[in-house]
2 protein chains.
Amino acid sequence: MALKSFIEVHPDSHFPIQNLPYGVFMTAPDLLPRPGVAIGEYVLDLSEIASAGLFDGPLLKNSDCFNQPNLNKFLSLGRPAWKEARATLQKLLSSAEPALRDNEALRSKSLIPLKKAAMVLPVAIHDYTDFFSSMYHAKNCGTIFRGPENPIVPNWFHLPIAYHGRASSIVISGTDIVRPRGQSKPVGDSSPQFGPSAKLDFELEMAAVVGTGNLLGNPVDINEAEDHIFGLVLMNDWSARDIQAWEYVPLGPFLGKSFGTTVSPWIVTLDALEPFKCDAPKQDPPPLPYLSEKASKNYDISLEVQIRPAGEQDAYVVTRSNFKHLYWTLPQQLAHHTVNGCNLQPGDLLGTGTISGPEPESLGCLLELTWNGQNPLELCTGIHRKFLEDGDEVVFTGQCKGDGYTVGFGTCAGKIVPSPP
Amino acid sequence: MALKSFIEVHPDSHFPIQNLPYGVFMTAPDLLPRPGVAIGEYVLDLSEIASAGLFDGPLLKNSDCFNQPNLNKFLSLGRPAWKEARATLQKLLSSAEPALRDNEALRSKSLIPLKKAAMVLPVAIHDYTDFFSSMYHAKNCGTIFRGPENPIVPNWFHLPIAYHGRASSIVISGTDIVRPRGQSKPVGDSSPQFGPSAKLDFELEMAAVVGTGNLLGNPVDINEAEDHIFGLVLMNDWSARDIQAWEYVPLGPFLGKSFGTTVSPWIVTLDALEPFKCDAPKQDPPPLPYLSEKASKNYDISLEVQIRPAGEQDAYVVTRSNFKHLYWTLPQQLAHHTVNGCNLQPGDLLGTGTISGPEPESLGCLLELTWNGQNPLELCTGIHRKFLEDGDEVVFTGQCKGDGYTVGFGTCAGKIVPSPP
Ligand SMILES: [Ca+2]
Ligand SMILES: [Ca+2]
Ligand SMILES: [Mg+2]
Ligand SMILES: [Mg+2]
Ligand code: NI
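Since this is a predicted model, take the numbers as computed values, not measurements. (Residues numbered from 1 in each chain as written. Chains lettered and ligands numbered in written order. Predicted model: local features only at pLDDT ≥ 70, side-chain atom pairs only at ≥ 80, totals over all residues. Heavy atoms only, no water.)

> Honestly, the pairing of strand β21 (residues 316–322) of chain B in this entry has me stumped. Any pointers?
Each regular strand carries side chains that alternate between the two faces of the sheet. All names here are of chain B. With 5 of 7 residues buried, β21 lies mostly within the body of the structure. With 6 bridges connecting them, strand β20 (residues 302–308) and β21 associate as antiparallel partners. Directly across from Val 305, in β21, lies its bridge partner Thr 319. (Buried < 20%, exposed > 50% of the residue type's maximum accessible area, 1.4 Å probe, protein only. Helix = DSSP H or I, 4+ residues; strand = E, 2+ residues; numbered from the N terminus. Pairing = 2+ DSSP bridges.)

> Is there a simple way to explain the interface of chain A and chain B in this structure?
Taken together, the 54 residues of chain A in the interface contact 54 residues of chain B. Summed over the shared surface of chain A and chain B, the result is 4 salt bridges. Measuring nitrogen to oxygen at the nearest pair gives 3.6 Å for the salt bridge that ties A:Asp127 to B:Arg166. Inspection of the region where chain A meets chain B yields 22 residue pairs in polar contact (both at pLDDT 80 or more). Contributions of two or more residues to the side of chain A that touches chain B are made by β7 (162–165), β10 (181–184), α7 (241–247) and α9 (330–338) of chain A. The leading source of residues in the side of chain A that touches chain B is β7(A), at 4 residues. The class makeup of the residues in the side of chain A that touches chain B is 31 nonpolar, 17 polar and 6 charged. (Contact = heavy atoms within 4.5 Å. Salt bridge = Lys/Arg side-chain N within 4 Å of Asp/Glu carboxyl O. Polar contact = N/O pair within 3.5 Å; in protein donor to acceptor, adjacent residues only side chain to side chain. Nonpolar A, V, L, I, M, F, W, Y, C, P; charged D, E, K, R; others polar.)

> Can you walk me through the packing of aromatic side chains in this structure?
The description of an aromatic ring pair rests on the distance of the ring centres and on the angle between the ring planes. Under the criterion given, the structure shown has 34 aromatic pairs over all chains. Between B:Phe66 and B:Phe74, the aromatic rings sit 4.8 Å apart at their centres with planes inclined by 45°, giving tilted as the arrangement. According to the relative accessible area criterion, B:Phe66 is buried, its value standing at 3%. Through a chain of ring-to-ring contacts, three or more aromatic side chains come together here, namely A:Tyr22, A:Phe55, A:Phe66, A:Phe74, A:Trp82 and A:Phe230. (Phe/Tyr/Trp six-rings, centres within 6.5 Å; stacked < 30°, edge-to-face > 60°.)

> Just to check I follow, could you spell out the coordination of the calcium ion (ligand 2) for this structure?
Four donors placed tetrahedrally about a metal ideally form angles of 109.5 degrees, and six donors placed octahedrally ideally form angles of 90 or 180 degrees. Residues and elements named next belong to chain B. Here the calcium ion (ligand 2) is held by Asp 130 (OD), Glu 203 (OE), Glu 205 (OE) and Asp 237 (OD), and the distances to it run 2.2 to 2.3 Å. Site description for the calcium ion (ligand 2): donor spacing in sequence, D-x72-E-x1-E-x31-D. An identical accessibility class is assigned to Glu 203 and Glu 205; each is buried. (Donors = N, O, S within 2.8 Å, 3.2 Å for Na, K, Ca; no water.)

> Explanation requested: the relation of the copies chain A and chain B in the structure shown.
There are two copies of the chain, and a rotation about an axis plus a shift along that axis relates them. For the pair chain A and chain B, the best superposition has an RMSD of 0.0 Å and corresponds to a rotation of 180° with a translation of 0.0 Å parallel to the axis. The superposition of one copy onto the other is thereby described by a two-fold rotation axis. For chain A, the minimum C-alpha distance to the rotation axis belongs to A:Gly252 and amounts to 2.1 Å. (Least-squares fit on C-alpha atoms with pLDDT ≥ 70 in both.)

> It is not clear to me how the coordination of the calcium ion (ligand 1) should be interpreted in this structure. Could you clarify?
Residues and elements named next belong to chain A. Those protein atoms acting as donors to the calcium ion (ligand 1) are Asp 130 (OD), Glu 203 (OE), Glu 205 (OE) and Asp 237 (OD), and they sit at 2.2 to 2.3 Å. Sequence spacing of the donors to the calcium ion (ligand 1): D-x72-E-x1-E-x31-D. One end of the pair, Glu 203, is in the loop between β12 (200–201) and β13 (204–210); the other, Asp 237, is in the loop between β14 (229–236) and β15 (239–240), with 34 residues separating them in the sequence. Of the two residues examined, Glu 203 and Asp 237, each falls in the buried class.

> Would you take a moment to explain α9(A) for this structure?
Owing to its 3.6 residues per turn, the α-helix aligns residues three or four sequence positions apart on the same side. Residue and element names in this part refer to chain A. The element α9 is largely enclosed, with a buried count of 9 among its 9 residues. Within the sequence span of α9, burial applies to Leu 330, Pro 331, Gln 332, Gln 333, Leu 334, Ala 335, His 336, His 337 and Thr 338. Buried residues along α9 sit against β6 (128–131), β13, β14, β19 (297–299) and β22 (349–351).

> Help me understand the sheet that holds β21(B) in this model?
Spatially, 5 strands are ordered β9-β26-β25-β20-β21 (chain B) in an open sheet, and the strand pairing comes out mixed. Strands with a single pairing partner mark the edges of an open sheet, and in this sheet they are β9 (177–178) and β21 of chain B.

> Help me understand the sheet that holds strand β21 (residues 316–322) of chain A in this model?
For sheets, the rule is that strands pair by backbone hydrogen bonds, running either parallel or antiparallel. Residues and elements named next belong to chain A. Read from one edge to the other, the open sheet built from 5 strands follows the order β9-β26-β25-β20-β21, with strand pairing classed as mixed. Bordering the open sheet on either side are β9 (177–178) and β21, each of which pairs with just one other strand. Sheet topology note: the strand β25 (residues 393–401)/strand β26 (residues 406–417) ladder contains 8 bridges and is antiparallel. Opposite Cys 400, over in β26, you have Val 407 as the bridge partner.

> Where do I start with the pattern of salt bridges in this structure?
If charged atoms from side chains of opposite charge come close, those side chains can pair. Residue and element names in this part refer to chain B. Scanning the model with the defined rule gives 43 salt bridges over all chains in all. Between Asp 271 and Lys 83 there is a salt bridge whose closest N-O contact spans 2.8 Å. Here Asp 271 is found in helix α8 (residues 270–273), whereas its partner Lys 83 is found in helix α3 (residues 79–93), with 188 residues between them in sequence. Residue classification places Asp 271 among the buried positions, given a relative accessible area of 16%. Taking relative accessible area as the criterion, Lys 83 reaches 45% and is therefore assigned partly exposed. Across the salt bridge formed by Glu 97 and Lys 91, the nearest N and O atoms sit 3.8 Å from each other. Glu 97 sits in the buried class, given a relative accessible area of 17%. Assessed through its relative accessible area of 53%, Lys 91 is described here as exposed.

> Which parts of the structure should I look at to understand helix α6 (residues 135–146) of chain A?
Residue and element names in this part refer to chain A. For α6, spanning 12 residues, the distance from its first C-alpha to its last is 16 Å, which sits close to the expected 16 Å at 1.5 Å a residue. Looking at α6, one finds that the buried residues are His 137, Ala 138, Asn 140, Cys 141, Gly 142 and Ile 144. Contacts made by the buried residues of α6 are with α10 (366–369). For α6, the side-chain oxygen to backbone nitrogen distance between the N-cap and Tyr 136 is 3.3 Å, and the N-cap itself is Ser 134. (Expected span 1.5 Å × (residues − 1).)

> I'm lost on the UniProt feature "domain: Fumarylacetoacetase N-terminal" (unreviewed entry) in chain A in this one. Help?
Here the UniProt feature "domain: Fumarylacetoacetase N-terminal" (unreviewed entry) sits at residues 18–122 of chain A. Taken end to end, residues 18–122 of chain A comprises 35% helix and 20% strand; its first and last C-alpha atoms sit 20 Å apart. (UniProt positions renumbered as here; feature names shortened; annotations may be inferred.)

> Help me understand the environment of A:Gly195 in this model?
Mapped onto the secondary structure, A:Gly195 falls in strand β11 (residues 193–196). For the pair A:Gly195 and A:Ile267, spaced 72 residues apart in the sequence, the C-alpha separation amounts to 36 Å.

> Explain the state of the cysteines to me, please; I cannot follow it from the model alone.
By definition, a disulfide links two cysteine residues through a covalent bond between their sulfur atoms. All names here are of chain A. For the structure on display, the rule yields 0 disulfides over all chains. Cys 365 provides the cysteine sulfur closest to Cys 412, a residue in no disulfide bond, and the two sulfurs are 15 Å apart. The exposure class of Cys 412 is buried, given its relative accessible area of 1%. (Disulfide = S-S within 2.5 Å.)

Below you can see the structure in the form of C-alpha cells.
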C-alpha cells in the first residue's frame, strides 16, 4: 500500500508524501524567506523543523542549510544530504509517526496553509542556460525560419545545442510580464521599426536545477552527471518572435528572450521523479563517447498549457506535451555543458528548450501551433490567437501519475501587461 | 600644474592620483578580501580609510560599502557617491593634505605595496553580456566565416548585437586558462571529432562595469545610460574557434567561449576617463530614436596585446588597437540592453566585443591576425603562431596619455595550460 501522511491529501493533489517538493516562501507580517516543502494544502516550514532538532541524520543535524533565504546551501551539500532530508521528512509526515503529528504546538508553527504563503524564487540563480533538446521543436522552427529543405542544422544530432540566457530577469510564477519593446524588421520593408512586440509567445519548457557544481577546468563525467541535478521546475521562456527574428544572426537570442522567464515555485526532486523514469528516444547517430550513457532515461511528465484571456473566467487548453519527447537527456545536457571545463554552481538553471511532441496538438509554443501566425488558434467560439495579447494569462501544469497518487509541479503562470507608453 | 600625490608616482605609472582605479585585494595571513584604490606602487585599503572616519562626505560617512568583500554595494550607491569618494580620495592623497600624509600609523595600516596584494574579482558578476561593436571585427569575421559578398549581417548597423556570456567562468588576471576540449567539425570530414581545441584564441576587449541597475520592465533612457556605468576593465574573451564554428548556428556561441574569460583587477572609473573622451564614429544609417545620443562619445584608450611563449623571457607585441574604433558606444549598448525591460544589476559586465582597428596591425584576435590560421604570425625569428599554444601567456595593457601623467588599466594576463588527459 502506498505511503500515507497524517495530513489529508486529496488524490488529485500534486503534493502527496511521495513528492515533497522544495520551495522558498514568506508569510506576513515579517516576510522572511525560508525553505519549505509542499504537502497537500500546506507548506512545511523547514526552518522550524530544523530548529526543533528533527533533522537528526548525520549530514544535516548540525547544518544551518534550512535557515537560509534560498536553497543554495542545501543544494551544495549533495545527493546524500538530499536523500537524508527526504527520508527524514517522509518519516516525519507519515501517518504512523507521532513526532509532528502529536505535537500541536510544532504543527501550528510549522504547517502553513499554502494560501497564506507567498512563494519566491527557490534558488539564487547565478547562471541560466537554455537548451534546444526537442527534435520536433528544432524541426518546426527550422522549417518556419529557413524552409523545409534542411530544417534541422547539421550539428543538432551531434550535440545538445544551448545558449546562455539572462539570469536577472527570471521571475517566480505569478509575476506579470511586461510586453517588451524592441526592433523588428517587417518582411519586404526596407528599414527596421521600433515598438511593442507584435509576436509575443510562450515556450513550454522544464528546467533542471543544478545541485552540486564543478570546479572550473574539471568536466563532469556523463555517468556522474545525474548526481549533480537536484530536481526540476516548469519554465516559461517567454519569447518575442519579431525581436528574436531580427536580432539573432549571428550571435543568437538576446532581447527577444531577456525581458522575463517564469519558473514554478516548487522544485520536484529527481528522487521523487525516479518512479517515472522511461527510456529516452534512440539516438542516431550514436553520440560521441563523452555523451554516451550507460542507460539513457527520460521522465514521463505530462505537460499542459492553458491561456486565460483578459476578463475570462475560463482558461483554454492550447497544448498537451510530455517531457519524455526530449531527444537529449538531462545528464547529456549537463555533461556537454561542462566538457570544456565550464563550471556549474548550485542553483544554476538548465532549461530543456521548448518541449514539443510529434502531434500537432503537442507543440510547445504559439510559433509552432499557429505556424508563425498563419493559422490562428481558436481558444473558444469567437476568441482566436496568433500570438499573446495583453491581459492573457498563460498557465503551465505538469504531473506524473503514480498508483493512487500524483507527483505534480503545481503551476507556472504569468500574465501579459502592456508595454510602457 | 597637474595634481600631485604625496606618494611618489613614476610618470609612466598607470596609477597616478588622476586615476585611482578600484579593485578588491587580499593580504596574508588572513586573506580577507576588501576594496582598495591603486596609487603608484601601492593599494590604499578603503576599509581602513572608512574605519578612520575619513570618508566624511554626506553620502558615505555612515556607509559600510567599503567593509565588503566586493564593490557591489558601493556601485549601487550611484554616481553622486562615486564622485564624493573620488573627491575625498584625491584630497586625501594630494601632496598638500596632512590627514594621511602625516599619520604614520594610518599610512602603514592603509598603504600596502601592490606586490603584497593578491587581487580578486572586484565585483560579484551576476550577468555578463558580450557585444560585437567593432565594425572592423564584424567585417573580418563575416568574411572569414561567410565569404566577402555580405560580410556584415544586415541588422549590424541598426542595433548593437550582443549575446549572453557565462558569468561563472570569469576569472581575475593571472588565472591559468585550461585549454578546452570539445567537438569540432573538420572541413570535408564526415563526422565531428572530440579533443582539445586546436584553434585557441584571445579576444582583445574592454568591459563596462554596471554601477546602478534598473528595475525589470523599466528601460534606461539613452541620455541617462552613461550614469549607470561605473567604469571599465580590460577583458580577454578567450575563444576556441573550432568549437565555436561547429556549435554556434543557430543559437550563438556557447562552449567555444564559456571555459574562461579574464578581466583586469582595476576598474578605471568613467570620471578618470573623462579627459580622454573623443568623438565616436559617425553612424550611417542614423540609429533609431531610442539609440540616438545628444553627443556620441568614445574614449581614446591605447590597447596592446603581447604573447610570451613558454620558457621565453620576452613577450612579443602582436597587435595595437584603440577603444575609439568602436562603432557602438557604451551608452548605446546599455540602452539597447534594457529597451525590452531587461534589468541590469550592480556589477554586471558588458563586454565591448573584440576591438579591432582598421589597420592589419590593429586586429584584436588571432582569427583575424592570421586569417583563420592561413597566415601564421611571426612573433620573433623562428617562433610563429596560427593560434595559441600551451604555455603561451597573453598580456593585454591599456592606457590613456594625459599631460604629464598616464591613466592606465594595468594588465590583463592569462597563461594557457594543457587540457586534462
Ligand atoms: Ca527556449
Ligand atoms: Ca567576444
Ligand atoms: Mg526567457
Ligand atoms: Mg569568454
Ligand atoms: Ni549571484
